Amino acid sequence: MGTATTTRQWLRGRGIGVGSEWRLNKGISVSRRRCWCSSPLTLVVSSMPYHKELAAANKAATLAARLCQKVQKALLQSDVHSKSDKSPVTVADYGSQALVSYILERELPSEPFSLVAEEDSGDLRKESGQDTLKRITELVNDTLASEGSNSFSTLTTDEVLRAIDNGKSEGGSVGRHWVLDPIDGTKGFVRGDQYAIALGLLHEGKVVLGVLACPNLPLASIGHNQQHSSSNEVGCLFFATVGDGAYMQALNGSTQTRVHVTAIDNPEEASFFESFEAAHSSHDLSSSIAEKLGVKAPPVRIDSQAKYGALSRGDGAIYLRFPHKGYREKIWDHAAGSIVVSEAGGIVSDAAGNPLDFSKGKFLDVASGIIVTNQKLMPSLLKAVKEALNEKASSL
Ligand SMILES: Nc1ncnc2c1ncn2[C@@H]1O[C@H](COP(=O)(O)O)[C@@H](O)[C@H]1OP(=O)(O)O
Ligand SMILES: [Mg+2]
Ligand SMILES: [Mg+2]
Ligand SMILES: [Mg+2]
C-alpha cells in the first residue's frame, strides 16, 4: 500500500473510518505493548475464576458472530426492521440473542439463569413478524448445525421466541446476571462496517466477566501504520475475567495474546476513538477535548464496542463518548467492553471521573459522557473534559 488513499480504502474495507486529514506517512501514533501468551486457550481458561462461565460465553459469542457474519454477507433490505424508537434491528440481532441465550442456559444448567439483553420478541409475535421469525429460526438452527456437533436439538419458532425473551431480566445489585448486546453497533452492521457481540456477567452489581466478538476488526492494530502488517485477517474475540487480565484471540481460534492498553503518557502522541455516527456521540465536543490535550492525530471513528477492544490492545489511547441530550446509556453497551479495558490496565469512567455503576438495573446513570484511557493520561483527560464541558455550558 503506497498511498494514503489505498490505506484508507484498506481500512474502509474493514469498517474503519479515518479522519479526513489522515495520511499514511503520518500514521497514528500508538505504542503496542503486547505480551504473547504461549499456552493454549484451554490452559489459560481452566486456571481462571469463572472458567466454566467464560468457556460458555466464548462459545456463545463465537457462534453468534458466525450467525451475524452469514447475515452481513447477504443482508437483504427485508432483514432490516425499525424498532419503536426508530433504531434499526435485523434478523441477526434477534438470532444472535436467541443463540447466546440458548447456549448459556444449556452450557450452565446448574446455575439460575438471568439475562439482561437488548431485544425482545414483541414484534416477532405479531402477524407481520411471522416470516421474520421463520428466517431467524432457520439462521439459529443452521448456525447450531454448523457447530458440527449433534448435541444441539433443532429449535422451534416458539423456542426461539422463548430464548429471546429470556433476556427480560432487569439486572440489579443482587445475584448474577448476564448482560448481552446481541449486535452492538447495528448501524455499522447494516453499513457493512464494525459491530460487536458483547456479553458480560454481573455479580452483585459488578462486572466480573466480559466477551467481545468483533467479526470485522482486523487482528492487526488499526491505530498503527498498516503497511508493516503482514496480516489482512479480520475477526477478534476479546475476553476478560476479573483479576485475570484481558486476552484476544482470532475468532477462528488460531492465536491468543494477553492484551494491554498503551503506555503512552504524552497526550500529543495519543490518538482517540469515537462513534462513527455523529448522532451517537458529539464529535464537536471530542474535537475540543482533543485540542485541549494537544492530540495531533485525527479521530478514529468506528462503530460499537469494537472501540473498547481496539483500545485494550493499545491501538489508540483514548475513547470519548458524549451522547446527545436525552439519551440514556444501557448496561449492555459498556459491561463487556469496560472489563476488557480495565483488565488490560485501562480506566473507564464517566465524564466526572466516577466509575460506571452497573448495579442500578438496565440503565447507567452517567454524568455527561463516558471516557476511557490509561492510568497516566486520565488526569489530563479529566481536566480537558471538564474545561470543554464548562466552555460548552457557558456558550449555551
Ligand atoms: N441516539 C443514540 N445515541 C447514542 N447511542 C445510541 C443511540 N442510538 C443507539 N445507540 C447505541 O449506541 C451504540 C453504538 O454506539 P457507537 O456509535 O459507539 O457504535 C449502540 O449500542 C447503539 O445501539 P445498538 O446496540 O442498537 O447498535
Ligand atoms: Mg439496537
Ligand atoms: Mg448497543
Ligand atoms: Mg444492539
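In the nomenclature of an unreviewed UniProt entry, the chain corresponds to 3'(2'),5'-bisphosphate nucleotidase from the organism Clitoria ternatea. According to UniProt, the comment filed for the chain under the heading Sequence similarities (unreviewed entry) is "Belongs to the inositol monophosphatase superfamily." Reading the Function (unreviewed entry) entry of the UniProt record for the chain gives the comment "Converts adenosine 3'-phosphate 5'-phosphosulfate (PAPS) to adenosine 5'-phosphosulfate (APS) and 3'(2')-phosphoadenosine 5'-phosphate (PAP) to AMP."

Chemist: Mind showing me how you'd approach the UniProt feature "binding site: Mg(2+)" (unreviewed entry) in the chain here?
Modeler: Per the UniProt annotation, the sites labelled "binding site: Mg(2+)" (unreviewed entry) are Glu 118, Asp 181, Ile 183, Asp 184 and Asp 333. Spatial clustering of the annotated residues is evident: they stretch over 216 residues in sequence, but the largest pairwise C-alpha distance comes to 9.8 Å. Take Asp 181: it is sitting in strand 6 (residues 176–184). Among all residues touching Asp 181, those that are not within four sequence positions of it are Glu 118, Ala 198, Trp 332 and Asp 333.

Chemist: Please explain the confidence of the model for the chain as it appears in this structure.
Modeler: For any part of a model where pLDDT is low, the fine detail of the predicted coordinates should not be relied upon. Within the chain, residue pLDDT values average 88, and 86% of them lie at 70 or more. Of the regions scoring below 50 in pLDDT, residues 1–8 engages in 13 contacts with residues more than four places distant in sequence or in other chains. Here residues 18–45 scores under 50 on pLDDT; set against residues more than four positions off or in separate chains, the count is 66 contacts. Reported for the predicted complex are a pTM of 0.89 and an ipTM of 0.94.

Chemist: In this structure, what is going on with helix 8 (residues 283–293)? I would like to understand it.
Modeler: Note: α-helices contain 3.6 residues per turn, so residues at a spacing of three or four share the same orientation. Among the residues making up helix 8, those that are buried are Leu 285, Ser 286, Ile 289, Ala 290 and Leu 293. What you see down the axis of helix 8 is that its buried residues fit within an arc of 135°, all on one side. Exposed and oriented more than 90 degrees from the buried face of helix 8 are Asp 284 and Glu 291. Elements that come into contact with the buried residues of helix 8 comprise strand 12 (272–274), strand 14 (318–321) and helix 11 (378–395). Of the residues trailing helix 8, Gly 294 is marked for its positive phi of about 85°.

Calculation rules
Residues numbered from 1 in each chain as written. Chains lettered and ligands numbered in written order. Predicted model: local features only at pLDDT ≥ 70, side-chain atom pairs only at ≥ 80, totals over all residues. UniProt positions renumbered as here; feature names shortened; annotations may be inferred. Helix = DSSP H or I, 4+ residues; strand = E, 2+ residues; numbered from the N terminus. Contact = placed C-beta atoms within 7 Å. pLDDT = per-residue confidence, 0-100. Buried ≥ 20, exposed ≤ 12 C-beta atoms within 10 Å, placed from the backbone. Arc of directions from axis to C-beta.

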